[in-house]
Amino acid sequence: MMDARQRYLEYFDRLERDNENIKAYRTIAREEALKALEENESPFPVVFSDQISTRGIRTTANSRMLENYIPPFDATLVDKVKKAGGVMLGKTMAREFGVGETENAYGSCAAVAHGENILGFASDYDGSIHMGAREYGLFACTPSYGSVSRYGIIPVASSMDRVAILAKRFEQIPAALDMVAGRDERDGSTFSCDGDLSELEAPDLRDVTFALVDGLEGSEAAEDLFKKLGRPQDKLRLESLPYALPAHEILSSGEFATNMERYDGIGFGYRAGEYGNVEELYKKSRTEGLGREVQAKIIFGNFCLSEGKYEAYYVQAMKARTMVKEELEKRLETYEFLLAPADKRLAAALYLAGLPIISMPFGKTSLLIAGSAFNDKRLLAFGGEILSRLEREI
Amino acid sequence: MAKNYETVMGLEVHVELKTNTKIFCNCSTAFGGKPNEHTCPVCLGLPGTIPVLNEKALDRAVTAGLATNCQITRVGRQDRKNYFYPDLAKGFQTSQGDGPICYGGYLDIETTEGKKRIRINRIHIEEDAGKLVHEEGLGSLVDNNRAGVPLVEIVSEADLRSAEEVLAYLHKLRAILTYTGVSDARMNEGSFRCDVNLSIRERGAESFGTRVEMKNLNSFRSIQRAIEFETARQIKVVEEGGELFQETRGFSQDSGRTYSMRTKEDAADYRLMPEPDLMPIVITEEKIRELRDSLPELPDARKDRYIEKYGLGNYDAEQLISSIELATFFEETVKAGADPKAAANLIMTDLFRLTGAEDFQVDMAPADFAKVIEYVDTGRINLGSARKVLEIMFENPDRSPEAIVVEEDLEQINDRALLSPVIDEVLARSVKAVREYQAGKEKALQAIIGQVMGKTRGKANPQLTIDLLKEKIG
Ligand SMILES: [Zn+2]
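Basis of the calculations
- Residues numbered from 1 in each chain as written.
- Chains lettered and ligands numbered in written order.
- Predicted model: local features only at pLDDT ≥ 70, side-chain atom pairs only at ≥ 80, totals over all residues.
- Heavy atoms only, no water.
- Contact = heavy atoms within 4.5 Å.
- Buried area = accessible area lost by both parts, 1.4 Å probe.
- Salt bridge = Lys/Arg side-chain N within 4 Å of Asp/Glu carboxyl O.
- Donors = N, O, S within 2.8 Å, 3.2 Å for Na, K, Ca; no water.
- Helix = DSSP H or I, 4+ residues; strand = E, 2+ residues; numbered from the N terminus.
- Buried < 20%, exposed > 50% of the residue type's maximum accessible area, 1.4 Å probe, protein only.
- Domains from an automatic or database assignment.
- Polar contact = N/O pair within 3.5 Å; in protein donor to acceptor, adjacent residues only side chain to side chain.
- pLDDT = per-residue confidence, 0-100.
- Expected span 1.5 Å × (residues − 1).
- Arc of directions from axis to C-beta.
- Core = buried A, V, L, I, M, F, W, Y, C linked by side-chain atoms within 4.5 Å.

Peer 1: Explanation requested: the interface of chain A and chain B in the structure shown.
Peer 2: Quoted interface sizes are often the accessible area lost when the parts come together. Tallying the contact residues gives 39 residues for chain A and 30 residues for chain B. A buried area of about 2,600 Å², summed over both sides, lies between chain A and chain B, and 59% of it is on carbon and sulfur atoms. At the boundary of chain A with chain B, the tally comes to two salt bridges. Across the salt bridge formed by B:Asp277 and A:Arg150, the nearest N and O atoms sit 2.8 Å from each other.

Peer 1: I would appreciate a short explanation of the coordination of the zinc ion in the present structure.
Peer 2: Think of it this way: four donors in a tetrahedron around the metal ideally sit 109.5 degrees apart, and six in an octahedron ideally sit 90 or 180 degrees apart. Residues and elements named next belong to chain B. Those donors, Cys25 (SG), Cys27 (SG), Cys40 (SG) and Cys43 (SG), are the protein atoms that reach the zinc ion, and they lie 2.3 to 2.4 Å from it. Counting along the primary sequence, the residues that act as donors to the zinc ion give the motif C-x1-C-x12-C-x2-C. Separated by 16 residues along the polypeptide, Cys27 in the loop between β1 (5-16) and α1 (55-67) and Cys43 in the loop between β1 and α1 bring together distant segments of the chain. Residues Cys27 and Cys43 agree in their burial class; the two are buried.

Peer 1: What exactly am I supposed to notice about the domain arrangement of chain A here?
Peer 2: Residues and elements named next belong to chain A. Each domain of chain A was delimited in the assignment, giving domain 1 (2-180), domain 2 (205-234 + 335-391) and domain 3 (244-315). At the junction of the two partners, domain 1 supplies 26 residues and domain 2 supplies 28 residues. Summing both sides of the interface, domain 1 and domain 2 together bury roughly 2,000 Å²; the carbon and sulfur share of this comes to 62%. A per-residue breakdown of the area domain 1 buries against domain 2 is headed by Arg134, Ser144 and Phe170, which together make up 28% of the total.

Peer 1: Help me understand the side chain of B:Gln93, please; the structure alone is not making it clear to me.
Peer 2: Residues and elements named next belong to chain B. Here Gln93 shows up in strand β5 (residues 92-95). Here Gln93 falls in the buried class, since its relative accessible area comes to 9%. A distance of 2.8 Å separates a polar atom in the side chain of Gln93 from the backbone oxygen of Glu127. Excluding residues within four positions of it along the chain, Gln93 makes contact with Asp79, Arg80, Lys81, Tyr83, Leu88, Glu126 and Glu127.

Peer 1: Would you mind going over the side chain of B:Asp368 with me for this structure?
Peer 2: Turning to its location among the elements, B:Asp368 is positioned in helix α9 (residues 366-378). Not counting residues up to four positions away in its chain, the partners in contact with B:Asp368 are B:Met393, B:Pro397 and B:Pro401.

Peer 1: Mind showing me how you'd approach the pattern of salt bridges here?
Peer 2: A complete count under the given rule lists 69 salt bridges over all chains for this structure. Two residues, A:Lys297 and A:Glu249, come together in a salt bridge whose shortest N-O distance is 3.5 Å. Within this pair, whereas A:Lys297 is found in helix α10 (residues 292-305), its partner A:Glu249 is found in helix α8 (residues 241-259), the two being separated by 48 residues in sequence. A relative accessible area of 7% means that A:Lys297 is categorised as buried. With a shortest N-O distance of 2.8 Å, B:Glu318 and B:Lys303 are connected by a salt bridge. Of the two residues, B:Glu318 sits in helix α6 (residues 314-320) while B:Lys303 sits in helix α5 (residues 299-310), which places them 15 residues apart along the sequence. Each member of the pair, B:Glu318 together with B:Lys303, is buried.

Peer 1: Sorry if this is basic, but what is going on with the confidence of the model for chain B here?
Peer 2: Low-confidence regions, as indicated by low pLDDT, have predicted coordinates that should not be scrutinised in detail. Summary statistics for chain B give a mean pLDDT of 92 and a share of 99% for residues scoring 70 or more. Scoring the predicted complex yields pTM 0.89 and, for the interface, ipTM 0.94.

Peer 1: Explain α5(B) to me, please; I cannot follow it from the model alone.
Peer 2: An α-helical turn contains 3.6 residues, so a residue and the one three or four places further along point in the same direction. Residue and element names in this part refer to chain B. Its 12 residues give α5 an end-to-end C-alpha distance of 15 Å, which sits within 8% of 16 Å, the value for a rise of 1.5 Å per residue. What α5 keeps buried is the set Pro299, Arg302, Lys303, Tyr306 and Tyr310. One side of α5 holds all its buried residues, which, seen down the axis, span an arc of 105°. Pointing more than 90 degrees away from the buried face of α5 are the exposed residues Glu308 and Lys309. On its buried face, α5 is in contact with β6 (102-111), α2 (163-179), α6, α7 (324-335) and α8 (340-355). A positive phi of about 70° marks Gly311, the residue just after α5.

Peer 1: Which parts of the structure should I look at to understand the nonpolar core?
Peer 2: If you look at soluble globular proteins, the nonpolar side chains tend to sit buried side by side. Core analysis: the largest hydrophobic core is formed by 149 residues, its most contacted members being A:Phe97, B:Tyr169, B:Leu170, B:Val196 and B:Ile223. No other element matches the nine residues that α2(B) contributes to this core. Apart from residues lying up to four places away in sequence, B:Val196 is in contact with B:Met9, B:Gly10, B:Leu11, B:Val212, B:Glu213, B:Met214, B:Leu217, B:Ile223 and B:Ile227. Membership of the second largest hydrophobic core comes to 48 residues, among which are A:Phe121, A:Phe139, A:Phe382 and A:Leu390.

Spelled out as structure tokens, the structure:
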């Protein structure tokens, strides 16, 4: 029998050959992984997107700005995963600071797909990770906003940022969520969730109310899957959906712009080589250190926050957010779960509202399920049951 | 003919809250320390870090509001105020825009014009920034020890009309803050800083003039001088037909002048937005009740007590309550048996001369101070010697008044037989002064008394000296 070390060594050899093609990793942490392997009784492989702070390991947010940034601390979720036996294979690619140009926006998905039982943790602010998961045929889960600490995740939009869990097999997800969820004193938005998520009770589908969200891109494919459940087909349309993307864009850009103010070339991060005065130091460092798309989002965000524009854009967007949130919450009073295709607008709406999401791949399409806030445990149990039913049908 | 102008002022006072740890992290707020000794990923603004509000800081802010008759919000909000500055690690300061903790309060001041109520617009919490240190050969360095130290900004309405009122307001505010333990409010350590918004208008006018904000006023003296200079400057500009600009001005202690720092055109757009990393601040009725119940006796109540119980005058009482250290010292002295009025007088003349009225700090025991008052009262020493004793005690609080009087030979000469020959000797050498006095020049007598004091090294009983002199030459 091959021992664990040998298996990891062989995997790293394969990974180093393949990474150029799959464009999954920014940093492969072979030495650190082998060390962690020795320190753990039941190790399992994990990857973190490069926007999640890892102590002693370069965390670049995929940007020149943080090219040489080595955090002096672990993100809370990294700390928890490590303590549970997680062996970090490396840091995966994503968009620059979560929004900009990149070689692969879904590096985490590529990394998880490349291995057999790798768990992926990626930060996400708009639900696009579920599109990535669909592309790579993976299961994905974004727990309720506030159930997993954001401490140490380099933010895009603090009020929307969440960590997404990625896996090849659905049953890996509840255990992974269990590992990272819970109140963190360093993140005031977190709540403690009680109960062991790994022990899920499968609900009887006849007792659960759920409906399909209609009028989205891919709704027909989702409906085909839905039909296989042999249920009366409740369908609904979300009236506020047209506001979701604009509101999401304005609010996330505003938050992003201020979150990015710290990258000024003074404290840390990239500093331009030549500058005449401090004003020029700011301008050059940011122009040279940040990509075009990141700059564009900062400029748009600052525009929305600027004097005279704030009321017209930002305040309106906050109102739209409330509208979207209230409609979703109202729907979730009637139906415990909403089923849908992985649609960009719906994802944006769910991220505005901070609701928990799971998505499951079925061939080229994927089914997304959302529930009410902090109903993560039931959502996972329900998802598991849907999955086993559909697998039997297909 | 010059018109009659009045100065209109409102104050923004930044006060450091007395907490052990910073507002959003667990770093120490201790003053000083090696550069960046009191920092962590949160107050350095490292990527991914999140602020968590220090409940103690919030309590202190609510207490400040309760002690200044403010309304307290039930749900407050924190906002990001965005601007680039090298001492600002995150590129924004977390402050409060529309949802301050406290609003709509007031405090009463006492000036030579009498009593006046000054309204407080709002009190909000915010974080302090770091500090730039300019080092020869190294350029500018950032020290983030102050970054994230909790502050409140206390904003008054434009109710103040003179430098005297401004100083009275600041003293009263500082008293309230120190009594309630909200802050140490030390101007020399920067834990009590004041910006003055000043404009002028013709007396009786309804509308306000163009407002100038004055910053970098780091002592009460500077505040007074800046107000006086700026008022005169603005009047001169207007009188000469010039135009005033809305601007921020600094004050130079050396020249005694204010100078333009930036005009309204260069003012930053702070792009205020709700801080998404911090939850709304919820303040319960219960919390407010608890903090209200734990308020100590406030300066005004104490002042009333001094007037009623000790028979002090309004002005004296106001002086004594201006800091908790001072008021406590006064009360301890009275408790040790001293006459309140005598104690008040001696504090406000001799102790103020030694320690300054603004930062009252003495190490001598109140009981020893009471002893000095007793010695004066019983005639053992005169007031001049009392001053000497106090000077010695101020430097060496361990030396007892008894020892000082004996060792320094300060006992008053109350014996006619001892004093008479000294006076004779002085008179013999002051023929001219005696003649002048006898010709009706009262002042000449003072010169003679001075000589007697000099001869006795200040120990002569002044009254006895006068009596003897009058007997001999009057
Ligand atoms: Zn700190």
